[in-house]
Amino acid sequence: MGLTVTPIPLLKDNYAYLLAEDGHAVLIDPSEGEPVLNVLREKGVALDAIWCTHHHGDHIGGVEAIHVETACEVIASDTDKQRIPCVTMAFHDNEAFHWHGHRVEVMHIPGHTQGAIAYYLPNDNLIFTGDTLFSVGCGRTLEGTMAQLFHSLLRLSSLPEQVLIYAGHEYTMKNIEFALTIEPDNDVLQSHAETVRILQSRKLCTYPSSVGFENAINPFLRTYLPVMRRTLGLGSDASDLDVFIELRTRKDHF
């Protein structure tokens, strides 16, 4: 069986992800311990590592218990290595490592937090973005600046269109509701709203998305469009960053 990605719903609206192949596995952002350990037991996989995208408790709450139980590696940003328990390996931007024959590139994407990173598997067209890029949305700037977050999103949006995105929360419907106030005539967005309603009625995960799809529906990746300036009441000379700041400010109060 090839590489699989299994979302694990945790807490109120968090996702951890189980990346597995040939009996080996990695966990991304486990906010709880015992529910995740139960999934590992059910699937009968050996946990090689936990990959942490950032230090917030709703993404690392289960790290210590899982590490103690499995003796797995714990990987994080070098910036966060003192803020996450049990870290065994820490990486800087653009460094890479291998897991089970798969190349994993670390992308520093500050803004939501200063140490936020994404795990990009270029040969598998997968990326785990934590709380920086969501489907139809993005994270809040809790530690970084608007400019940092904007440039992090630009970097993610420039990846190949086929790259599948897995993010840390189930915020998609709420994000769509906001996006439709900005681009009510976006046919792709309108169609996706119905798809997401069906998925959520069945209690199914709305991920993965993809870079190409997000570039078509995510307002935070579409700041270059003239319609954004008109909708937001900004002049035609407003920069893309100006548009992003106005969007993020409005979303903060939506």
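Attention here is on the structure that accompanies the text. If you're wondering where the values come from, they're calculated on a predicted model, not measured in any experiment.

What follows is about the side chain of Ser 210. Looking at the secondary structure, you find Ser 210 in strand 14 (residues 209-210). Taking the relative accessible area as the measure of exposure, Ser 210 reaches 15% and is therefore buried. Leaving out residues up to four positions away in the same chain, Ser 210 has contacts with Glu 161, Val 163, Leu 164 and Ile 165.

Here the focus is the packing of helix 5 (residues 172-182) against helix 9 (residues 240-252). Packing of helix 5 against helix 9 leaves a shortest axis separation of 11 Å and a crossing angle of 130 degrees. Judged by the angle between their axes, helix 5 and helix 9 are oblique. Crossing angle aside, the handedness with which helix 5 passes helix 9 is right-handed. Residues Asn 175, Phe 178 and Ile 182 of helix 5 form the contact with helix 9, whose participating residues are Leu 247, Arg 250 and Lys 251. Partitioning the contact of helix 5 with helix 9 into residue classes produces three nonpolar, one polar and two charged.

Attention shifts here to the sheet that holds strand 9 (residues 117-121). What holds strands together in a sheet is hydrogen bonding between their backbones, with the strands either parallel or antiparallel. Within the open sheet, the six strands sit side by side as 7-8-9-10-13-14. Their pairing is mixed. Both edges of this open sheet fall to strand 7 (96-99) and strand 14, since each of them pairs with a single strand only. Judged from the four bridges that link them, strand 7 and strand 8 (residues 102-108) form a sheet pairing that is antiparallel. Residue pairing for strand 8: Trp 99 is matched across the bridge by His 102. The sheet contacts of helix 4 (residues 146-157) involve strand 8, strand 9 and strand 10 (126-130), and relative to strand 8 the element is tilted by about 155 degrees.

Here we take up the packing of aromatic side chains. Across all of its chains, the model carries 15 aromatic pairs by this definition. Between Trp 51 and Trp 99, the aromatic rings sit 6.5 Å apart at their centres with planes inclined by 90 degrees, giving edge-to-face as the arrangement. With Trp 51 in strand 4 (residues 46-51) and Trp 99 in strand 7, the pair connects residues that are 48 residues apart, well separated along the chain. On the basis of relative accessibility, which here comes to 6%, the residue Trp 99 falls in the buried class. Residues Phe 134 and Tyr 171 carry aromatic rings whose centres are separated by 5.0 Å and whose planes lie at 65 degrees to one another, so their mutual orientation is edge-to-face. Taken together, the residues span a long stretch of sequence, with Phe 134 in strand 11 (residues 133-134) and Tyr 171 in the loop between strand 13 (164-167) and helix 5 at a distance of 37 residues. Taking relative accessible area as the criterion, Tyr 171 reaches 30% and is therefore assigned partly exposed. Ring pairs connect the aromatic residues Tyr 15, Tyr 17, Phe 128, Tyr 166 and Tyr 207, which therefore count as one cluster.

Inspection of the entire model under this criterion finds 12 salt bridges. The partner of Asp 240 in a salt bridge is Arg 229, and the shortest N-O contact between them spans 2.6 Å. You can see Asp 240 sitting in helix 9 and its partner Arg 229 sitting in helix 8 (residues 226-232), a full 11 residues away along the chain. Taking the relative accessible area as the measure of exposure, Arg 229 reaches 9% and is therefore buried. A salt bridge links Asp 252 to Arg 248, with the nearest nitrogen and oxygen atoms 2.8 Å apart. Taken as a pair, Asp 252 and Arg 248 lie in helix 9 at a separation of four residues, close to a single helical turn.

Within the structure shown, the criterion is met by zero disulfides. With no disulfide of its own, Cys 52 lies closest to Cys 72 among cysteine sulfurs, the gap being 9.0 Å. On the accessibility criterion, Cys 52 (0% relative accessible area) is buried. The thiol of Cys 138 is unpaired, and the distance to the nearest cysteine sulfur, on Cys 205, comes to 19 Å. Classification of Cys 138 as buried rests on a relative accessible area of 7%.

Reading the values: rules and limits
Residues numbered from 1 in each chain as written. Predicted model: local features only at pLDDT ≥ 70, side-chain atom pairs only at ≥ 80, totals over all residues. Heavy atoms only, no water. Helix = DSSP H or I, 4+ residues; strand = E, 2+ residues; numbered from the N terminus. Buried < 20%, exposed > 50% of the residue type's maximum accessible area, 1.4 Å probe, protein only. Contact = heavy atoms within 4.5 Å. Axes fitted to C-alpha atoms, helices over the stretch in contact; angles between N-to-C directions. Parallel < 35°, antiparallel > 145°, perpendicular 65-115°, else oblique. Left-handed = near helix turned anticlockwise from the far one by under 90°. Nonpolar A, V, L, I, M, F, W, Y, C, P; charged D, E, K, R; others polar. Pairing = 2+ DSSP bridges. Phe/Tyr/Trp six-rings, centres within 6.5 Å; stacked < 30°, edge-to-face > 60°. Salt bridge = Lys/Arg side-chain N within 4 Å of Asp/Glu carboxyl O. Disulfide = S-S within 2.5 Å.

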